[in-house]
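Close look at the chain arrangement
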Amino acid sequence: MENCKIENKNHLTFSEKITKKYDKKYSQNTYKNYGEKRIKNKEKIYKKSSKNKCTKIDKFFKKDCKFFANFCYLFLAVIFVIISTLFVVQHKNSDNFFGYFSRIENAEFCYVVNDNFTDKKDVRIVSTMNCQFVYFNKTKDDFVGADIKYKQVSFPLHNFDEKSVLENLNISITKREYVNGISIIYGYSPNFAKSICVGNAKINFQFAINDQTVTIGYPMIFGAF
């Protein structure tokens, strides 16, 4: 048998033990540093690749789809404008003059009609050369087919809450004046379609307030007050 030289760890010299321990520690640190470096490199590669990766939404907004995306934005904007316009028109055309003031106690309405109006009960009609003044109280506002030019309502002063009327009808005051002891207020509400110009201001409401009565006209008071 060949003689085998078996290394006996117990018989290593002191210098050999130190050298072997150092070599082992160095190799472990080298492996550890190498592993950390590989992990860091992987993280960098992942971050870089994740930036380049695109989700379906990202791909949609790439240059290849830019025209289609702009077209979609434009289409949605047009739809929004159409819906907003329809809402405003409907809101303006929803004339709630009678519906609001009919809740006020002792309110008397007067509609100025430009044709011969007879198709209504419980009304008092005062005819003039050019129009009719149709007076009524709590009758329904059902002037179907009538050419109504002005709507007016009168009620006692103690039933008038100016702030409430202005807020509920969205009226902005454009002018105030006093004539012969009567306070006259001009205002405009975007909620009502009709309007006229007084001076340089657009109005569609006029208030005449004396010491006993309030008269409100839309788009203004027709005749004397």
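Residues numbered from 1 in each chain as written. Predicted model: local features only at pLDDT ≥ 70, side-chain atom pairs only at ≥ 80, totals over all residues. Heavy atoms only, no water.

Let us look at the confidence of the model for the protein chain. Reading predicted coordinates in detail is not appropriate for stretches of low pLDDT. On average, residues of the protein chain score 75 in pLDDT, and 64% of them are at 70 or above. In the model, residues 89-94 has pLDDT below 50 throughout and makes eight contacts with residues more than four positions away in sequence or in other chains. (pLDDT = per-residue confidence, 0-100. Contact = heavy atoms within 4.5 Å.)

To continue, consider the pairing of strand E6 (residues 182-188). Of all the seven residues making up E6, seven are buried; the element is thus mostly covered by neighbouring parts of the structure. In this structure, strand E5 (residues 172-179) lies alongside E6, joined through seven bridges in antiparallel fashion. Each bridged residue has a counterpart across the sheet, and for Glu177 the counterpart in E6 is Ile184. Connecting the antiparallel pair E5 and E6 is a turn made up of two residues, with Asn180 showing a positive phi of about 55 degrees. One ladder, built from five bridges, connects E6 with strand E9 (residues 205-209); its direction is antiparallel. Within E9, the position partnered with Ile185 by the bridge is Phe207. (Buried < 20%, exposed > 50% of the residue type's maximum accessible area, 1.4 Å probe, protein only. Helix = DSSP H or I, 4+ residues; strand = E, 2+ residues; numbered from the N terminus. Pairing = 2+ DSSP bridges.)

Below, the discussion takes up the nonpolar core. Note that soluble globular proteins tend to have their nonpolar side chains buried in a common cluster. In terms of nonpolar packing, the biggest core is built from 30 residues, with Phe101 and Phe205 touching the most fellow members. Within the residue set of this core, elements represented by two or more residues are helix H4 (97-101), strand E1 (108-113), strand E3 (132-136), strand E4 (148-156), helix H5 (162-168), E9 and strand E10 (213-218). At four residues, the largest contribution of residues to this core is made by H4. Once residues lying within four places of it in the same chain are set aside, the contact partners of Phe101 are Ala107, Phe109, Val153, Phe155, Val165, Leu169, Phe205 and Ile216. Ile182, Ile184, Ile203 and Ile221 belong to the second largest nonpolar core, which has six residues in total. (Core = buried A, V, L, I, M, F, W, Y, C linked by side-chain atoms within 4.5 Å.)

It is worth spelling out a nonpolar patch on the surface at this point. Residues Phe71, Leu74, Phe75, Leu76, Val78, Ile79, Ile82 and Ile83 make up a contiguous nonpolar surface patch of about 780 Å² in total accessible area. Within the secondary structure, Ile82 is located in helix H3 (residues 66-93). (Patch = residues over 30% accessible without salt bridge, like charges linked within 9 Å, V, L, I, M, F, W, Y side chains within 5 Å. Areas by Shrake-Rupley, 256 points an atom, 1.4 Å probe, with all protein chains shown as cover. Salt bridge = Lys/Arg side-chain N within 4 Å of Asp/Glu carboxyl O.)

As a further point, take the pattern of salt bridges. A full pass over the atoms with the stated rule returns four salt bridges. Salt-bridge contacts for Glu108 lead to Arg124; the nearest nitrogen and oxygen are separated by 3.5 Å. Residue Glu108 is located in strand E1, and its partner Arg124 is located in strand E2 (residues 124-127); the two are separated by 16 residues in the primary sequence. Notably, a salt bridge pairs Asp147 with Lys149, separated by 3.5 Å at the nearest N-O pair. We classify Asp147 as partly exposed; its relative accessible area is 32%.

In a beta sheet, neighbouring strands pair by backbone hydrogen bonds and run either parallel or antiparallel. The sheet built from eight strands is open, its strands ordered E2-E3-E1-E4-E10-E9-E6-E5 with antiparallel pairing. With partners counted over all chains shown, the strands left at the sheet margins are E2 and E5, one partner each. Averaged over neighbouring strand pairs, the angle between their axes works out to 20 degrees when direction is ignored. (Axes fitted to C-alpha atoms, helices over the stretch in contact; angles between N-to-C directions.)

Moving on, we come to the side chain of Asn191. Looking at where Asn191 falls in the secondary structure, it is placed in the loop between E6 and strand E7 (196-198). Looking at Asn191, the relative accessible area reads 16%, which means it is buried. Within the structure, the side chain of Asn191 is placed 3.5 Å from the side chain of Asn170, a separation counted as a polar contact. (Polar contact = N/O pair within 3.5 Å; in protein donor to acceptor, adjacent residues only side chain to side chain.)

Extensive coverage of E9 is indicated by the burial of five of its five residues. Of the two faces of E9, both are covered, the one formed by Phe205, Phe207 and Ile209 as well as the one formed by Gln206 and Ala208. In this structure, E9 lies alongside E10, joined through four bridges in antiparallel fashion. Directly across from Ile209, in E10, lies its bridge partner Val214. Hairpin connection, E9 to E10: the antiparallel pair is bridged by three residues.

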